[in-house]
Amino acid sequence: MVSFRLATIVALAASFVSASVPKSAHFDLTEPSYDLFRSKPLHDDTVQQGFAFDNTNRRLFVSQRLNGASDTSGNLCITQLDFSGKILGHMHLTGFGHGVAFGAQASGSSTYLWTETDVNSNGYGQKLGRFKFVNGATLSHTSSSVQKFSPVSGGKEYTASIDPVNSRLVVRYQLSDGKHIALYDLAAATKGDFSAPLVNFKQPLPPTKGKNFQGYTAYGSFLYLLWGDSYDVSSTLNSEVAAVDLNTGAVTQGPVLTKAGSTLSFREPEGLAIYETAAGEVRLFLGFASGAAGDRRSNLFYKNATVA
Ligand SMILES: *[C@@H]1O[C@H](CO)[C@@H](O)[C@H](O)[C@H]1NC(C)=O
């Protein structure tokens, strides 16, 4: 009788524990990276900030600040490129945010972007926005075609990235004690339902040794984080990546120094994203800006080796 009641209590308690994510392998961050492309111009001239794949429609989008826009304007350009780095289109966004990370989601043959929006005085978005990518359009954050979300009570400065293989939305946001990470089912989030995060925890690593935070994404049960500075700021190689177990919030690997594109000029690390090839090879992409001011270029590399 006693043991039966104990089992009942344990089962009840377990039902209150937040849902977890099925365990997956993580990318081996110590393995070398391969090139997708180097030194490709974007629509505008500024450094790229982040990038995202619409894995279903096999499209690539790169974010950057609009030419001439101030740090805090939140005015962004999204360039669509093919996988050889050729420009296919662009869209301008006004009053959105910084663009450090965003997501791209297929809806039929259209792509919807998940970005920060409603820029605050620091240049970061106070909400998450979702809208259709329309080549050549300029979209204001006040437009009714931007769906807006505030996923977490008290959360500020939202950004997002997508795990396209598992259809999950990873959201990074600010609370009074620092940055937090929450993971959602993408279909639920698309309906505006953020009531059941799969995980939700404080980001374990602050930007290390004063390095700038430069991107994140998730695949399976791991979160990937990127930091580092351009060669203008740090003359030595200082870009690093870490893998965090989404189920525990603990660092599993890293931070590991990455040599991807080490010979690029300027070389500022700018963004992480996941892409699965038609052949089923899943890749962790790392982005870097290169080149001279007024003529910055986009560079994408990937890792594909995993640790079980
Ligand atoms: C990783 O990518 C490289 C270059 O495209 C390829 O040669 C290699 O077979 C891939 N490895 C895995 C594990 O997919």
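The paragraphs below set out a description of the structure included in this document.

Calculation criteria
Residues take numbers from 1 onward in each chain, read along the sequence in its written order. In view of the model being predicted, local features appear only for residues whose pLDDT reaches at least 70, and side-chain atom pairs are presented and counted only at 80 or more, with totals across whole chains, interfaces and linings using the full set of residues. Only heavy atoms go into the side-chain values, all of them from the structure, while hydrogens and water stay out. Nearness is judged by heavy atoms alone; a residue qualifies as near a molecule or strand once a single heavy atom is within 4 Å of it. Side-chain atoms alone can form a polar contact between residues adjacent in sequence; in general such a contact is a pair of N or O atoms within 3.5 Å, and within protein one must be able to donate a hydrogen while the other accepts it. Amino acids outside the nonpolar list (Ala, Val, Leu, Ile, Met, Phe, Trp, Tyr, Cys, Pro) and the charged list (Asp, Glu, Lys, Arg) are all regarded as polar, and Gly is one of them. Elements are defined by DSSP. Helices are runs of H or I of four residues or more, strands are runs of E of two residues or more, and each kind is numbered from the N terminus. Here a residue-residue contact requires only that any non-hydrogen atoms of the pair lie within 4.5 Å. Think of a 1 Å grid over the protein atoms and nothing else: a 1.4 Å probe that fits but is trapped marks a cavity, an open set flanked by protein within 12 Å on at least five of seven lines marks a pocket, and residues with an atom within 4 Å of a point count as lining. Grid points are joined across faces, edges and corners, and a volume is the space filled by probe spheres set on the points. Type-normalised accessible area, obtained with a 1.4 Å probe on protein chains alone, sets the label of each residue: buried when under 20%, exposed when over 50%, and partly exposed for intermediate values.

## Points about the site of the ligand
Phase 1: Inspection of the region around the ligand gives Tyr34, Glu281, Arg283, Tyr302 and Asn304 as its neighbouring residues.
Phase 2: Between an oxygen atom of the ligand and a side-chain N or O atom of tyrosine 302, the distance comes to 2.5 Å.
Phase 3: A distance of 2.3 Å separates an oxygen atom of the ligand from a polar side-chain atom of asparagine 304.
Phase 4: For the shell around the ligand, the class distribution of residues is two nonpolar, one polar and two charged.

## Let's talk about the side chain of threonine 217
Phase 1: With respect to the helices and strands, the residue threonine 217 is situated in strand β16 (residues 213-219).
Phase 2: Polar side-chain contacts of threonine 217 include one of 2.8 Å to the side chain of serine 161.
Phase 3: Sequence-distant contacts of threonine 217, defined by excluding residues within four places in its chain, comprise Ser161, Ile162, Val170, Phe222, Leu223, Tyr224, Leu272, Ala273, Ile274 and Leu284.

## Here's the deal with empty space enclosed by the protein
Phase 1: This structure, assessed with the given rule, holds two cavities of 30 Å³ or more.
Phase 2: What lines the largest cavity is Phe51, Ala52, Phe53, Phe102, Gly103, Ala104, Ser161, Ile162, Pro164, Thr217, Ala273 and Ile274.
Phase 3: Elements supplying a minimum of two residues to the lining of the largest cavity: β3 (48-54), β7 (103-107), β12 (156-163) and β20 (268-276).
Phase 4: Looking at the lining of the largest cavity, its residues break down into nine nonpolar, three polar and no charged.
Phase 5: The space that makes up the second largest cavity amounts to roughly 30 Å³.
Phase 6: Lining the second largest cavity are Arg65, Ser70, Asp71, Ser73, Gly74, Asn75, Leu76, Gly97 and His98.
Phase 7: Its residues assigned to classes, the lining of the second largest cavity comprises one nonpolar, six polar and two charged.

## Looking at unusual backbone geometry
Phase 1: Each neighbour pair has its own omega, and for glycine 254 with proline 255 the value is 0°, a cis peptide bond.
Phase 2: Structurally, the position occupied by proline 255 is in strand β19 (residues 251-257).
Phase 3: One non-glycine residue with positive phi stands out, namely serine 167, at about 50°.
Phase 4: In the Ramachandran plot, phenylalanine 266 falls in the positive-phi region, its phi being about 70° despite a non-glycine side chain.
Phase 5: Note on placement: phenylalanine 266 falls in the loop between β19 and β20.
Phase 6: With a relative accessible area of 10%, phenylalanine 266 lands in the buried category.

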